[in-house]
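# Structural features, examined
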Amino acid sequence: MSQPHIDPPYVAADDRYESMQYRHVGRSGLKLPAISLGLWHNFGDDTPLATQRAVLRRAFDLGVTHFDLANNYGPPYGSAEKNFGRILSEDFAGYRDELIISSKAGWDMWPGPYGFGGSRKYLLSSLDQSLQRMGLDYVDIFYSHRPDHDTPLEETAGALVSAVEQGKALHVGISSYTPEGTATMASLLEKAGVPLLIHQPSYSMVNRWIEDGLLDTLEQVGAGAIAFSPLAQGMLTDKYLNGIPDGSRATQGKSLNPDWFTDEHVGELNALNDIASSRGQSLAQLALSWALRDPRVTSVLVGASSVQQLENNIGALQNLDFSDDELSRIDQHAKDFGINLWDI
């Protein structure tokens, strides 16, 4: 009788820190990799665990030390944290102190009035659940995932402070807050002795809202920025240069609206792709390296459905330099497409 195949235990690559770039988060002592791995998509129960494990292992072998989650990542809600927790315990338990693990609460998670928003009740109970799903005593960063206009900022800030004081989070951050809301939150946290570490906004070549004040605010308060959706939910890849292919995310009713692919927008994407080709990059690599051109952007978050996709994205780090002419040409086509779904 043949013996069942058993994969050998994971051992991280010895050279994992040789090629990745690390940047300070604002004026803090913490550094993040220039490219971090987001688990928004591809880590729920609709993706084989073996695929998830392969992507996470390869990411760490390439120096990606930051894994970004949220309570409702999946599907179903909570499954990304649960799956990540399993892989963490089986593969990365011995590397915990080399990892930055973040989670968030703010968007809907469970039914009723206490399962969404910015209230103290929701944020702290959600954090407890996230820690349980991942099998952790603490996260490195805990975010208020969205501004909640029905909850006083003082209450949300107080909940973030409590997370740190209780030892359940080392640092706190916010996501999708306006420049004004960011400044207020930073002030409230500072008064409590818990600095605002980081802001996670959507940002890409076709969604440039953070350039209109937010980056300046973050610089003033000493916080870093980590951009999510730097590929505009997949628009800034070569997949959509000829329109919408069958089976793509734009056909699945998720976060990529097929109405965004107007003739004008597709023309701009192709022009940007031509610039990428002249730099020896794919469109996705151009988009990532461009988002990192400003030193105030600490890191960009990429998703990955395969090891190959992950490797291609990290390849953007091989060419981060831009000439003035290249930036000028990009600005001619990198226009706001009206795709900021998180502007609330």
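The rules we used
- Residues numbered from 1 in each chain as written.
- Predicted model: local features only at pLDDT ≥ 70, side-chain atom pairs only at ≥ 80, totals over all residues.
- Heavy atoms only, no water.
- Helix = DSSP H or I, 4+ residues; strand = E, 2+ residues; numbered from the N terminus.
- Expected span 1.5 Å × (residues − 1).
- Buried < 20%, exposed > 50% of the residue type's maximum accessible area, 1.4 Å probe, protein only.
- Contact = heavy atoms within 4.5 Å.
- Polar contact = N/O pair within 3.5 Å; in protein donor to acceptor, adjacent residues only side chain to side chain.
- Pairing = 2+ DSSP bridges.
- Right-handed = clockwise from strand over helix to strand, strands pointing away.
- 1 Å grid on protein atoms, 1.4 Å probe; cavity = no way out; pocket = protein on both sides within 12 Å on 5 of 7 lines; lining within 4 Å.
- Points joined across faces, edges and corners; volume = space filled by probe spheres on them.
- Nonpolar A, V, L, I, M, F, W, Y, C, P; charged D, E, K, R; others polar.

### A closer look at helix α2 (residues 79-92)
Over its 14 residues, α2 extends 18 Å from the first C-alpha to the last, a length consistent with the 20 Å expected when each residue adds 1.5 Å. Most of α2 is tucked away, with 10 of its 14 residues classed as buried. The elements touched by buried residues of α2 are α1 (49-61), β4 (66-68), β5 (100-105) and α3 (120-134).

### Observations regarding the environment of R96
Position of R96 relative to the elements: it lies in the loop between α2 and β5. When near neighbours in sequence (up to four residues on either side) are disregarded, R96 contacts I101, L136, Y138, V139 and D140. Looking at R96, its side chain comes within polar contact range of the main-chain oxygen of Y138, at 3.3 Å.

### Structural notes on the pairing of strand β9 (residues 224-227)
By the alternation rule, side chains of β9 split into G224 and I226 and A225 and A227, which are all buried. With 2 bridges connecting them, strand β8 (residues 196-200) and β9 associate as parallel partners. Looking at the pairing, I198 lines up with G224 of β9. Once the chain exits β8 it traverses helix α6 (residues 214-221) before rejoining the sheet at β9, and the crossover so formed is right-handed.

### Description of the layout of surface pockets
By volume, the second largest pocket amounts to about 240 Å³. Along the walls of the second largest pocket sit 15 residues, with P195, L196, L197, V221 and G222 positioned nearest its centre. Listed by contribution, the elements that provide at least two residues to the lining of the second largest pocket are α5 (179-191) and β8. With 4 residues, the single largest contributor to the lining of the second largest pocket is α5. Residue composition of the lining of the second largest pocket, grouped by class: 9 nonpolar, 4 polar and 2 charged.

In short, geometric facts, not functional conclusions.
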